[in-house]
Amino acid sequence: MTGWQPHGPLGAGSAPLGNLATAVPEHEAAACLGAAWEVGIRHYDTAPHYGAGLAEHRLGHALRARPRDSYTLSTKVGRLLRATPEPREMSQGFAHALPFRRTFDYTAAGTIRSLEDSHQRTGLNRFDIVYIHDCAEDWHGAAWKDRFSEAMAGAAQVLAAMRDRGEIRAWGLGLNLVEPALACLEAARPDIFLIAGRYTLLDHTALAGLFPACAARGVKVVLGGPYNSGLLAGGTTFNYETARPEMVARADAIRAVCARHRTDIKAAALQFCAAHPVVAAVIPGPRTAGEVQQNASLMRAEIRSGLWTELRGAGLLPENAPTPG
């Protein structure tokens, strides 16, 4: 990514606008993306997986009239969409997704096809970042290493060549787990990773191994899931599953410290994620204009240093985790 950096620190993920868990009406999705632009968000992420193409359609519609060099746009490869005669009300976690069946494909030919389809769905002729999506154990089980090898021989080669020709700015992996990212650093020359839920106030998995390895190689990280799917935002789920009692207790302890310092835990969550020097952007997934406006306000909120000192003293943050200021 020599000479180019993605927009940040606050971006927007689009999985909720692909109707993740519940449907978002068209006018609300448009209002959400309009508000994102108005508050100054210029980093947007999407994927064919989100609503089986729905999020790409909606994001493309919102961005098509904007100056193309004024924002950073990422999408993903690894799944092809094929028309299905039997659409389901709920498809892989997305409500009323478009009538397409997802098929994993990390080959070179699949990667080229995926990007061609994404260009057509968005109506845009360029992506800045392309991630290889979900090439990890949580989606492929014990076979993930075979799929990873397929991705390194296929998708990674295509994307690296596109970067070298200047057709994209950067490529990497989009994941919920850190192990494939570490493997990718050894197998190829990625520029950036999108890691969801593995560097937050509650989960510091990426801190010890992945972040130092990225720093040593000049690789940036975009963080998704800064609220761990809800637990840090007043919900009851942690990484899309019902939170275990010990995790709820940890979140409550962090919330109590935040309350003593008159700080919204969501502000602490966003700003903590953004404070690490390898992090280029934090991309919570809003579904309403109000959530966008709140995220922008939270990222700007003043947080006194005593909050971070108390969290460290209580053993709720690692001593070596960078904090704002």
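The coordinates are above.
Everything quoted here is computed from the prediction, not taken from an experiment.

Before going further, it helps to spend a moment on the packing of aromatic side chains. Evaluation of the coordinates by the stated rule reveals nine aromatic pairs. The interplanar angle of 80 degrees and the centroid separation of 6.1 Å between the aromatic rings of Trp37 and Tyr71 together place this pair among those described as edge-to-face. Here Trp37, found in helix α1 (residues 26–38), pairs with Tyr71, found in the loop between α2 (54–63) and β3 (72–77); they are 34 residues apart in sequence, far enough to count as distant. Per residue, the accessibility class of Trp37 equals that of Tyr71, and both read buried. Relative to Tyr71, the ring of Tyr44 lies with its centre 6.4 Å away and its plane at 80 degrees, an arrangement referred to as edge-to-face. Here Tyr71 lies in the loop between α2 and β3 and Tyr44 lies in strand β2 (residues 43–45), a separation of 27 residues in the sequence. The exposure class assigned to Tyr44 is buried, which follows from its relative accessible area of 1%. Through successive ring pairs, a cluster of aromatic residues spans Tyr199, Phe211, Phe272 and Trp308. Looking at Arg42, its charged tip hangs above the ring of Trp37, at a distance of 3.6 Å from the centre.

For the pair α1 and α2, interaxial distance at closest approach is 10 Å and the crossing angle is 50 degrees. It follows that α1 is oblique to α2 by the angle criterion. The way α1 lies across α2 gives a crossing that is right-handed. Where α1 abuts α2, its residues Glu26, Ala29, Leu33 and Trp37 lie against Arg58, Leu59, Ala62 and Leu63. Along the lines of polarity and charge, the residues of the contact of α1 with α2 split into six nonpolar, no polar and two charged.

Take the pattern of salt bridges next. Per the stated rule, a full pass over the model turns up 18 salt bridges. Across the pair Asp164 and Arg189 runs a salt bridge, and its minimum N-O distance is 3.9 Å. Of the two residues, Asp164 is situated in helix α6 (residues 155–164) and Arg189 in the loop between α7 (179–187) and β10 (192–196); the sequence distance between them amounts to 25 residues. As far as the burial class goes, Asp164 and Arg189 line up, both exposed.

Scoring rules and cut-offs
Residues numbered from 1 in each chain as written. Predicted model: local features only at pLDDT ≥ 70, side-chain atom pairs only at ≥ 80, totals over all residues. Heavy atoms only, no water. Phe/Tyr/Trp six-rings, centres within 6.5 Å; stacked < 30°, edge-to-face > 60°. Helix = DSSP H or I, 4+ residues; strand = E, 2+ residues; numbered from the N terminus. Buried < 20%, exposed > 50% of the residue type's maximum accessible area, 1.4 Å probe, protein only. Lys NZ or Arg CZ within 6 Å of the ring centre and 35° of its normal. Axes fitted to C-alpha atoms, helices over the stretch in contact; angles between N-to-C directions. Parallel < 35°, antiparallel > 145°, perpendicular 65-115°, else oblique. Left-handed = near helix turned anticlockwise from the far one by under 90°. Contact = heavy atoms within 4.5 Å. Nonpolar A, V, L, I, M, F, W, Y, C, P; charged D, E, K, R; others polar. Salt bridge = Lys/Arg side-chain N within 4 Å of Asp/Glu carboxyl O.

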